[in-house]
Amino acid sequence: MISVVDLQAPPDAEPGAGIIIATGTRFDTAHAEHWLQRASFTLSETDATDHRVITVGSVAEALADLADRCRRRPHAAAICDDVLRAVDPAAPARAGVVTESLAYSVLQAGPEFAGWLAERGPATAPDTSDPVLIDRDGDTLRLRFNRPQRHNAFTNAMRAALLDGLAVAAADTSIDEVVLCGAGRSFCSGGDLAEFGGFTDVPSAHLARTRYSPALALDALTARLGKHCRAEIHGQVLGSGLEMAAFCGRVRAHPETVLGLPELNLGLIPGAGGTVSITRRIGRWRTAYLILSGRTIDAPTALRWGLIDEIATF
């Protein structure tokens, strides 16, 4: 499932396919450059500024953990790698979002997600009135996730309410600032797991993700407003919460923020545009590490990587 190569190994003759993890400590040779670019990512115990390299305490332990996770979710891991290599972060967002959603749909219909659903068992997401609070102050529109009792876990009702707010911002050109934030202890802890599996019509789910997409709405607003379309994040910022925030022109994080992409645990990949938005910010290599490892990172690491733009108390 995973091929492990040393950075100083001779380049392979044929590109091949699959997850490749490079290891090593020297990054300045022709062989190293080949593998830094070719690999899914590189693990090293040496600090490196290269965005293709992940610094870990123990390469052996990190490899063992990655091998175990990919062995348990081989379809999701392989498709994740394929999507990240296929998506061009410099291209318009829609193409990447469609590619991601098609891959997500395949996994939704697959055995790994079905196995997770069986382990989870029946579940119901509690209804919340006003799942997104929309407030205007002068020319600033503030959109606040409002399910604090669930760490603002994202639901279909929240998506509909968020799209309503984003539509207001898109239609009213006098709005020159949009702020995305969350009530309570967290910005957004990702999709509400109680809703997963509730929509069994996979083609219709794909059409909903791509035709009614907060990701694309945020991308369009950022194209117009730049850093004045911003996210203020805190607490748990996971899965779709992180994916949407990364589309904003500026992301400000509380010092105690925890960020991550846990979708592989469900036999899925990011499905809210994260293979586009996060890859734009930190490259496919670090994005692949976040997804395949399931590890979370803190605010200083996110700032160093470029996943956020500022650390501030608010």
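So, a few notes on the structure that sits alongside this text. Numbers given for residues are sequential positions, taken from 1 along each chain in its written order. Per-residue local features are limited, in this predicted model, to residues with pLDDT of at least 70; the limit for side-chain atom pairs, both in listing and counting, is 80 or more; totals at the level of whole chains, interfaces and linings are taken over all residues. Side-chain measures here rest on the full set of heavy atoms in the structure, leaving out hydrogens and waters.

### Regarding the environment of Met 244
Piece 1. A helix here means a DSSP run of H or I that spans at least four residues, while a strand means a run of E at least two residues long, and both kinds are numbered starting from the N terminus. Relative to the helices and strands, Met 244 resides in helix α9 (residues 240–247).
Piece 2. For the pair formed by Met 244 and Gly 267, sequence separation is 23 residues and the distance between their alpha carbons is 21 Å.
Piece 3. Residues in contact with Met 244, not counting those within four places in the same chain, are Phe 145, Phe 154, Leu 162, Pro 214 and Leu 218. In what follows, residue pairs with any heavy atoms lying within 4.5 Å of each other are defined as contacts.

### What about the side chain of Glu 243?
Piece 1. By the secondary structure assignment, Glu 243 is in helix α9.
Piece 2. Under the scheme applied here, a residue whose accessible area is under 20% of the maximum for its type counts as buried, over 50% as exposed, and between as partly exposed, the area being computed with a 1.4 Å probe on protein chains only. Asp and Glu count as negative and Lys and Arg as positive, but His and the ends of the chain are not part of the count. Only one rule defines a salt bridge in this text: a Lys or Arg side-chain nitrogen within 4 Å of an Asp or Glu carboxyl oxygen. Lacking a salt bridge, the buried Glu 243 has Arg 209 as its closest oppositely charged neighbour, with an N-O distance of 9.3 Å.
Piece 3. Among the polar contacts made by the side chain of Glu 243, one reaches the main-chain amide nitrogen of Gly 274 at a distance of 2.9 Å.
Piece 4. Once you skip the residues sitting within four places of it in the chain, Glu 243 turns out to touch Glu 100, Leu 261, Glu 263, Pro 270, Gly 271, Ala 272, Gly 273, Gly 274, Ser 277 and Ile 278. Each polar contact in these results corresponds to two N or O atoms within 3.5 Å; when the atoms are within protein, one needs to be able to donate a hydrogen and the other to accept it, and residues that are neighboring in sequence are counted only if both atoms are side-chain atoms.

### A look at the packing of helix α6 (residues 156–171) against helix α8 (residues 214–225)
Piece 1. Orientation of α6 relative to α8, taken along the N-to-C sense of each, is 25 degrees, at an axis distance of 10 Å. When the axis of α6 is compared with that of α8, the two are roughly parallel. The two elements α6 and α8 meet at a crossing, and its hand is left-handed. Contact residues: α6 offers Arg 159, Leu 162, Leu 163, Leu 166, Ala 169 and Ala 170, while α8 offers Pro 214, Ala 217, Leu 218, Leu 221 and Arg 224.
Piece 2. Under the scheme applied here, ten amino acids are nonpolar (Ala, Val, Leu, Ile, Met, Phe, Trp, Tyr, Cys and Pro), four are charged (Asp, Glu, Lys and Arg), and all others, including Gly, are polar. The class makeup of the residues in the contact of α6 with α8 is nine nonpolar, no polar and two charged. Here, axes are lines fitted to C-alpha atoms. For helices the fit covers the stretch in contact, and angles between N-to-C directions go from 0 to 180 degrees. Geometric relationships in this document are graded by angle, where less than 35 degrees denotes roughly parallel, more than 145 denotes roughly antiparallel, 65 to 115 denotes roughly perpendicular, and other angles denote oblique. For any helix crossing, the convention is left-handed if the near helix is rotated counterclockwise from the far helix by under a right angle, and right-handed if that rotation is clockwise.

### Some words on the sheet that holds strand β12 (residues 297–298)
Piece 1. Two strands form a pair only when DSSP identifies at least two bridges running between them. Here we have three strands laid out as an open sheet, ordered β9-β11-β12, and mixed in their pairing. Here the strands that pair on one side only, and so sit at the sheet edges, are β9 (236–238) and β12.
Piece 2. Looking at chain direction, β9 and strand β11 (residues 258–260) are connected through three bridges and run parallel. Along β11, the bridge assignment pairs Val 237 with Leu 259.
Piece 3. α9 contacts β9 and β11 of the sheet and is inclined by roughly 85 degrees relative to β9.

### What about the sheet that holds strand β7 (residues 177–182)?
Piece 1. Spatially, six strands are ordered β5-β6-β7-β8-β10-β13 in an open sheet, and the strand pairing comes out mixed. The sheet terminates laterally at β5 (132–137) and β13 (310–311), the two strands that pair on one side only.
Piece 2. As paired strands, β5 and strand β6 (residues 140–145) are joined by six bridges and run antiparallel to one another. From the neighbouring strand, Asp 135 faces β6, where its bridge partner is Arg 142.

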